[in-house]
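Understanding the architecture of this molecule
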Amino acid sequence: MCYCDEELSLLYSRIDHINLAKSHAQLALDFAETTEDEVRTYWERHIHDLEITSHPVGSRGFFEDLDQYHFEKQHHLLRLVDFNAYRGKQVLEVGCGAAVDLARFAKGGAVCTGVDLANSAIELAKANFSQQGLAADLRVANGEALPFPDNTFDYVYAHGVVQYTADPQRLVDEVRRVLKPGGEALRSEEHTSELQSR
């Protein structure tokens, strides 16, 4: 979809009022009334947690700062998720962003796939993996319409994604669809995490 200047101005006035003082919960409320295209446009222009680093975007220092900040801010993840427990298993991260979490799965030996709605995020994810000598299938895709066959993944990780989707139930249904029988999914939002088994 193409936007004219007036439509873009209206869209950004609707979305860009989000500032650092807002909580993630408020950001999620803002996204609850948006379309998929608006969500994509927002994430193409905004890099999550960019303000925490002074390193150039895409540099090794940039990714190291994101990793450190992410796991200090989300310290519970290291207790909730054993990133080393999926050696040889198919792991999908939905909404992978710069793939900070997915890199931890890859270092643990998982066969990794990451999807994000924003091309800018996938480009950062590819740079992150390349700089670390890691391999993954990283692609632009909508978590509400995953481009994978049924029963593909042993583990699906969707941390901090559901609240930013245009249709959260569709995302949950898609995660269930691509999980192998006996597979698990972690869906985590602002203050809750849920581990689901199929």
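Summary of the structure given here.

Rules behind the numbers
- Sequence order as written defines the numbering, with residues in each chain counted from 1.
- Totals for whole chains, interfaces and linings use all residues, but because this is a predicted model, local features are given only for residues with pLDDT of at least 70 and pairs of side-chain atoms are given and counted only at 80 or more.
- Heavy atoms throughout the structure, all of them, feed into the side-chain values; hydrogens and water do not.
- Only runs of H or I of at least four residues qualify as helices and only runs of E of at least two qualify as strands under DSSP, and these elements are numbered from the N terminus.
- Throughout, a residue-residue contact means that at least one pair of heavy atoms, one from each residue, lies within 4.5 Å.
- With residues, only the protein chains shown are counted as cover, and all accessible areas are computed by Shrake-Rupley using a 1.4 Å probe.
- Each helix should span, by expectation, one fewer than its residue count multiplied by 1.5 Å.
- For every residue, the accessible area (1.4 Å probe, protein chains only) is compared with the maximum for its type, and the residue is labelled buried under 20%, exposed over 50%, or partly exposed between those bounds.
- Our arc is simply the arc of the directions from the helix axis toward the C-beta atoms.
- Salt-bridge detection follows one rule: a side-chain nitrogen of Lys or Arg within 4 Å of a carboxyl oxygen of Asp or Glu.
- We define a nonpolar core as any set of buried Ala, Val, Leu, Ile, Met, Phe, Trp, Tyr and Cys residues linked to one another through side-chain atoms lying within 4.5 Å.
- Between the rings of Phe, Tyr and Trp (Trp by its six-membered ring), a pair exists once the centres lie within 6.5 Å; its type follows the angle of the planes, with under 30 degrees stacked, over 60 edge-to-face, and the other angles tilted.
- Charge-over-ring placement is defined geometrically: NZ (Lys) or CZ (Arg) within 6 Å of the ring centre, and within 35 degrees of the ring normal.

**Here's the deal with the overall build of the protein chain**
Looking only at helices and strands, the protein chain features eight helices and six strands. For the protein chain, the sequential pattern of α-helices and β-strands runs α-α-α-α-α-β-α-β-α-β-β-α-β-β. Pairs at least 24 residues apart make up 61% of the contacts formed inside the protein chain by residues separated by at least 6 positions. Carbon together with sulfur atoms contributes 51% to the accessible area of the protein chain, which is approximately 9900 Å² in total.

**Remarks on helix H7 (residues 119-132)**
Here H7 is 14 residues long and its end C-alpha atoms lie 20 Å apart, about the 20 Å a rise of 1.5 Å per residue gives. Within H7, burial applies to Ala121, Ile122, Leu124, Ala125, Asn128 and Phe129. Projected down its long axis, H7 carries its buried residues within an arc of 160°, all on one side. Where H7 is buried, its residues touch helix H4 (60-73), helix H6 (100-107), strand E2 (111-116) and strand E3 (137-140). Phi turns positive, to about 70°, at Gly133, one or two residues after H7.

**Digging into H6**
Burial within H6 is extensive, with six of its eight residues counted as buried. Immediately downstream of H6, the backbone of Gly109 shows phi near 100°, a positive value.

**Some details on the pattern of salt bridges**
Two side chains with opposite charge may pair up if their charged atoms get near one another. Applying the stated rule across the entire model yields eight salt bridges. With a closest N to O distance of 2.9 Å, Glu174 and Arg177 form a salt bridge. Of this pair, Glu174 and Arg177 both sit in helix H8 (residues 168-178), three residues apart, which is roughly one turn of that helix. Through salt bridges with shared partners, a single ionic network connects Asp150, Glu174 and Arg177.

**Section: the nonpolar core**
Grouped together as the largest cluster of nonpolar side chains are 27 residues, with contacts concentrated most on Val81, Val91, Leu102, Phe105, Phe129, Tyr155 and Tyr157. Sorting the residues of this core by element identifies H4, H6, H7 and strand E4 (153-159) as the ones contributing at least two each. Per-element tally for this core: the top contributor is H6, with five residues. Each residue touching Phe129, except ones within four places of it in the same chain, is listed here: Ala99, Leu102, Ala103, Ala106, Leu134, Ala135, Ala136 and Leu138.

**Some remarks on the packing of aromatic side chains**
The full count for this structure, using the stated rule, is nine aromatic pairs. Judged by centre distance (5.8 Å) and plane angle (65°), the rings of Tyr86 and Phe105 are edge-to-face. Here Phe105 lies in helix H6 and Tyr86 lies in the loop between helix H5 (77-80) and strand E1 (90-94), a separation of 19 residues in the sequence. For Tyr86, a relative accessible area of 14% corresponds to the buried category. Of the aromatic side chains, those joined through ring pairs into one cluster are Phe71, Phe83, Tyr86, Phe105, Tyr155 and Tyr157. The aromatic ring of Phe71 is capped on one face by Arg104, whose charged end is 3.7 Å from the ring centroid.

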